[in-house]
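Residue-level listing of the chains:
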Amino acid sequence: MAPDSAQVLGQPTRPRRARMSSLPPRGHAREEMITGILSIDKPRGPTSHDVVARTRRIVGQRRVGHTGTLDPLATGVLVVCLGKATRVAEYVAAAPKAYQARVRFGVTTDSSDAEGQVLVSRPWEGLSLAAIEAVLPDFVGSIEQIPPMYSALKHKGIPLYRLARRGVTVERKPRRVQVYSIEIVDWQPPDLVLDVRCSKGTYIRSLAHDLGKTLGPGAHLAGLVRTAVGRFHLSDSVPLGTLEAEASEGTWQRHLLPIESGLEGLPSIVVDALTARCIGYGQVVGLPAAPSPQLCAYDETCRLIAILEPDADSDLWKPHKVFVPS
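Now for a description of the structure that goes with this document. (Residues numbered from 1 in each chain as written. Predicted model: local features only at pLDDT ≥ 70, side-chain atom pairs only at ≥ 80, totals over all residues. Heavy atoms only, no water.)

In this approach the atoms are scanned with a rolling probe the size of a water molecule, which exposes any empty space left behind. By volume, the largest pocket amounts to about 1200 Å³. Lining the largest pocket are 40 residues, and of these Thr-69, Asp-71, Ser-151, Ala-152 and Arg-205 lie nearest its centre. Element by element, the count of residues in the lining of the largest pocket is highest for strand 14 (residues 219-229), at three residues. Taken as a whole, the second largest pocket encloses approximately 340 Å³ of empty space. Along its surface, the second largest pocket is lined by 16 residues, and Ser-112, Ile-146, Arg-172, His-209 and Asp-210 are the ones closest to its centre. Every element with two or more residues in the lining of the second largest pocket is listed here: strand 7 (107-109), strand 9 (141-145) and helix 5 (204-215). A per-element tally of the lining of the second largest pocket places helix 5 first, with five residues. Classifying every residue of the lining of the second largest pocket gives four nonpolar, seven polar and five charged. (1 Å grid on protein atoms, 1.4 Å probe; cavity = no way out; pocket = protein on both sides within 12 Å on 5 of 7 lines; lining within 4 Å. Points joined across faces, edges and corners; volume = space filled by probe spheres on them. Helix = DSSP H or I, 4+ residues; strand = E, 2+ residues; numbered from the N terminus. Nonpolar A, V, L, I, M, F, W, Y, C, P; charged D, E, K, R; others polar.)

Structure, rendered in structure tokens:
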């Protein structure tokens, strides 16, 4: 819930632009640190860490981080947080995701995508759209997936993809994820294009592999576009190349979104100046707010003060993350 529906009189205007923090980088002269969120349209090829590195060069600061890995093969929405906005990365990462996936039947690979080595090839000509439609409901809802070896999950501190590159395979426990919907976009055999809405932690490569296994001929993920991360949509994202080109012109900051854009879904309240000051000092406060695991507090100018959570020892609220200097 945005601050314009907060529990105070009046309708404050939601901030439209990110602010500049005066907090200097450690060990450097005092200078402004850019705070905000970029929704980047990642191209095929670079890793998510590559995008972060290139963004650091664009903005001229190290405090930059992404909100969820996107494979080099994949394109689409990669949300990147700058400055103090890195503190809300976990909320963006937890948001539902949307993908358009191209599943190619007849070929199974060791990575479950087009970059892997072919393990098995089988005829797919007998596969019908009706057969696909019949099994898709089995992949919607709360389902279990075995994470692929080529993933960023760690085994004894080592990313699985590094083990896979060494030819090492380890047992992976199934993980429960939520697939909210799957819709068929196109069927041009042997390729099936799907729109998938799912929870954090869902592997579309595993979905493609499991679908091919269920139907018989096997399958792998031939292409993937992430079309949305929560409120961040591909149509509103800036291509990485465009961002780099605008950096030389000094106009890239027009794509910068406020830190509040990463907190969609959290209830909010506007507080008076005295309460805002107390929160800034880390003090617990009493608020006329409905019970909730967390709550965003804004001051009367609609500036984000903090994320609050209930105090375990009282009926008050305590700061969980404070975004303004005391």
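Here the focus is the side chain of Ser-39. The residue Ser-39 is located in strand 3 (residues 36-42) in this model. Owing to a relative accessible area of 5%, Ser-39 belongs among the buried residues under this scheme. In this structure Ser-39 touches Val-77, Leu-78, Phe-232, His-233, Ser-237 and Val-238, once residues within four positions along its chain are discounted. (Buried < 20%, exposed > 50% of the residue type's maximum accessible area, 1.4 Å probe, protein only. Contact = heavy atoms within 4.5 Å.)

Counted under the stated rule, the structure contains one cavity of 30 Å³ or more. Roughly 40 Å³ of internal volume is contained in the largest cavity. Every residue along the wall of the largest cavity is listed here: Ala-101, Val-103, Leu-194, Val-196, Ile-204, Leu-207, Ala-208 and Leu-211. Among the elements that make up the lining of the largest cavity, the one with the highest residue count is helix 5 (four residues).

Next up on the list: helix 7 (residues 273-280). Among the residues making up helix 7, those that are buried are Thr-275, Ala-276, Ile-279 and Gly-280. The arc that holds the buried residues of helix 7, viewed along the axis, is 140 degrees, so those residues lie on one side. For helix 7, the elements touching its buried residues are strand 18 (295-298), strand 19 (304-310) and strand 20 (317-322). N-cap assignment for helix 7: the residue whose side-chain oxygen lies 3.3 Å from the backbone N of Leu-274 is Asp-272. One or two steps after helix 7, the chain reaches Gly-282, where phi turns positive at roughly 85 degrees. (Arc of directions from axis to C-beta. Polar contact = N/O pair within 3.5 Å; in protein donor to acceptor, adjacent residues only side chain to side chain.)

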